[in-house]
Amino acid sequence: MPLFAVICRDKPGRLNARMTTREAHLAWLNGSGRVQLAGPFLEDGNPCGSLLIIEADDLDAAKAWVAEDPYAAADVFDSVEVMAWRKAIG
C-alpha cells in the first residue's frame, strides 16, 4: 500500500487542547491500522505539531483519514500537509 507523509503544525496557544485530546488522538492512531511512524514536533520541549507516515490507497484517502483525527476536531492544527512518500533508508 502506498505511503504518505503527514506534516501537521499546531495553532499558537493550542497546547492545552492538544494535551486534553492526546488520549483520543493516540487511540485513534493505534486503532487505525494505517500508521507506520508517528510523533510530535517539539519546541522548547513542548509538542507543537506532528509527523506521521501512514498507509492509504491514494492521496485523497490519506487526506480524508487525516481529517478524522481527534486533533483536527479539537482545532489543534494550523496547517496539515499530506504528500506521497517513499521509504529509502531504515
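Before any of the text, the structure's been laid out above.
Everything quoted here is computed from the prediction, not taken from an experiment.

What counts, and where the lines are drawn
- Residues numbered from 1 in each chain as written.
- Predicted model: local features only at pLDDT ≥ 70, side-chain atom pairs only at ≥ 80, totals over all residues.
- Heavy atoms only, no water.
- Helix = DSSP H or I, 4+ residues; strand = E, 2+ residues; numbered from the N terminus.
- Buried < 20%, exposed > 50% of the residue type's maximum accessible area, 1.4 Å probe, protein only.
- Contact = heavy atoms within 4.5 Å.
- Areas by Shrake-Rupley, 256 points an atom, 1.4 Å probe, with all protein chains shown as cover.
- Lys, Arg positive; Asp, Glu negative; His and termini not counted.
- Charge placed at Lys NZ, Arg CZ, Asp CG, Glu CD.
- Core = buried A, V, L, I, M, F, W, Y, C linked by side-chain atoms within 4.5 Å.
- Pairing = 2+ DSSP bridges.

*Asks:* An account of the overall build of the protein chain is needed here, citing residue identities and associated values.
*Replies:* A count of helices and strands for the protein chain gives three helices and four strands. Counting only C-alpha atoms and orienting by the principal axes, one finds that the protein chain spans roughly 35 × 25 × 20 Å. The buried share of the protein chain, taken over its 90 residues, is 31%. By sequence separation, contacts in the protein chain at least 24 residues apart represent 69% of the contacts at least 6 residues apart. Here the protein chain has roughly 5700 Å² of accessible surface; of this, 51% comes from carbon and sulfur atoms. Charged side chains in the protein chain number 9 positive and 13 negative. The centres of these two groups are separated by 3 Å.

*Asks:* Before we move on, could you go through the nonpolar core and cite the residues and values that matter?
*Replies:* Core analysis: the biggest nonpolar cluster contains 16 residues, and Phe4, Val6, Leu52, Ile54, Ala62, Trp65 and Val82 have the highest contact counts within it. At the level of secondary structure, the elements contributing two or more residues to this core comprise strand 1 (3-10), helix 1 (15-32), strand 3 (46-55), helix 2 (59-66) and strand 4 (77-85).

*Asks:* I'd like a description of the pairing of strand 3, backed by residues and values.
*Replies:* Relative to strand 3, strand 1 is paired through seven bridges, and the arrangement is antiparallel. Paired with Cys8 across the strands is Ser50, a residue of strand 3. Examined bridge by bridge, strand 2 (residues 35-43) and strand 3 share eight bridges and lie antiparallel to one another. Looking at strand 3, one finds that Ala38 is bridged to Leu52. Counted along the chain from strand 2 to the antiparallel partner strand 3, the turn is two residues long, and its residue Asp44 has a positive phi close to 55°.

*Asks:* Residue-level account of unusual backbone geometry, with values.
*Replies:* Positioned with a positive phi, Asp44 is a non-glycine residue whose angle comes to about 55°. Inspection of the secondary structure assignment puts Asp44 in the loop between strand 2 and strand 3. The class of Asp44 is exposed, set by a relative accessible area of 77%. Despite not being glycine, Asp75 has its phi angle at roughly 60°, a positive value. Here Asp75 lies in the loop between helix 3 (70-73) and strand 4. A relative accessible area of 38% means that Asp75 is categorised as partly exposed.

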